[in-house]
Amino acid sequence: EARRLEPQEPKHRLGIATSEASLGRWEAAVTELEIVLRTDPQNERARSYLGDALVMLGRLPEALTAYEHAARLAPGKALNHYKVAGAYRSAKRLVDARASYREVLRLEPDNANAAFELGQVGLGLDSAQEALAAFELASRLKPGADDFLYWQALALLKLGRREEAE
């Protein structure tokens, strides 16, 4: 049974925000999402989408706050932790990014992209052994991914294992 959404209902406003974002109207999307959050501050999807829109506007600190809030609202949702990790990484908060990527992998052990990015963070933290383990996991999860193998070779080189890298 279909029902008509009232213009101020969060679902309606969330739909408008999504439409605005799909048209590249990020400021309008932020406005709509802020309306949703005034009505429904615990709306995890709106928090996550707000983070996305803020990233597109180059407002990383605000985006990170929105992503962190979304992750607190839905701690079992790997995507929120993945977004937090990416925002930490962009902010050069590599220790925090590492913890968030680990949480993604705890929730989704088969997430090859999270494993790969955890490896890159490991290299950024001068932890080549940790990076190698992450790249090896990513390669197992996504066989044939040349970029994963390239980064795995870099980690091996950092560990002085040149023959294995070649």
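Before any of the text, the structure's been laid out above.
Just so you know, the residues in each chain are numbered from 1, in the order the chain's sequence is written. Note on the predicted model: pLDDT of at least 70 is required for a residue's local features to be given, and 80 or more for side-chain atom pairs to be given and counted; whole-chain, interface and lining totals, by contrast, use all residues. Side-chain figures throughout are based on the complete set of non-hydrogen atoms in the structure, without hydrogens or water.

S.K.: Help me out: how do you make sense of unusual backbone geometry in this one?
M.R.: Most of the time, phi is negative for any residue but glycine, and the peptide bond is trans. One non-glycine residue, lysine 92, lies in the positive phi region at around 65°. Helix and strand definitions follow DSSP, with helices as H or I runs of at least four residues and strands as E runs of at least two, each counted in order from the N terminus. In this structure, lysine 92 sits in the loop between α5 (78–90) and α6 (94–107). Located in the positive-phi region is aspartate 126, a residue other than glycine, with phi close to 55°. Here aspartate 126 is to be found in the loop between α7 (112–124) and α8 (128–141).

S.K.: Mind showing me how you'd approach the pattern of salt bridges here?
M.R.: Proximity of charged atoms lets side chains of opposite charge pair with each other. For salt bridges, the criterion is a side-chain nitrogen of Lys or Arg within 4 Å of an Asp or Glu carboxyl oxygen. Following the criterion strictly, the structure yields 13 salt bridges and no others. Residues glutamate 32 and arginine 13 are paired through a salt bridge, measuring 2.6 Å at the closest nitrogen-oxygen approach. Pair noted here: glutamate 32 is in helix α2 (residues 26–39) and arginine 13 is in helix α1 (residues 10–22), with a separation of 19 residues, a long-range link. One salt bridge connects arginine 162 with glutamate 166, and the closest N-O pair in it is separated by 3.5 Å. Overlapping salt bridges, with partners in common, bring together Glu27, Arg59 and Glu62 in one network.

S.K.: I'm lost on the packing of α6 against α7 in this one. Help?
M.R.: The packing of two helices is summarised by the inter-axis angle and the distance between the axes. What counts as an axis is a line fitted to C-alpha atoms, over the stretch in contact for a helix, and the angles between N-to-C directions run from 0 to 180 degrees. Contact geometry for α6 and α7: axes closest at 9 Å, N-to-C directions at 155°. Put simply, α6 runs roughly antiparallel to α7. Two packed elements cross with a definite hand, and for α6 against α7 that hand is left-handed. Here Leu94, Ala97, Arg98, Tyr101, Arg102, Val104 and Leu105 of α6 come into contact with α7, specifically with Ala114, Ala115, Glu117, Leu118, Val121 and Gly124. Each residue gets one of three labels, nonpolar for Ala, Val, Leu, Ile, Met, Phe, Trp, Tyr, Cys and Pro, charged for Asp, Glu, Lys and Arg, and polar for the others, Gly among them. Residues that form the contact of α6 with α7 fall into these classes: nine nonpolar, one polar and three charged. Working definition: roughly parallel below 35 degrees, roughly antiparallel above 145 degrees, roughly perpendicular at 65 to 115 degrees, and oblique for all remaining angles. Here is the rule for handedness: rotate from the far helix to the near one, and if that takes an anticlockwise turn smaller than a right angle the crossing is left-handed, while a clockwise turn gives right-handed. Whether two residues are in contact is decided by their heavy atoms: any pair within 4.5 Å suffices.

S.K.: Would you explain the side chain of lysine 83 in this entry?
M.R.: Within the secondary structure layout, lysine 83 lies in helix α5. Non-local contacts of lysine 83, meaning those with residues more than four positions away in its chain, are made with Ser48, Asp52 and Tyr67.

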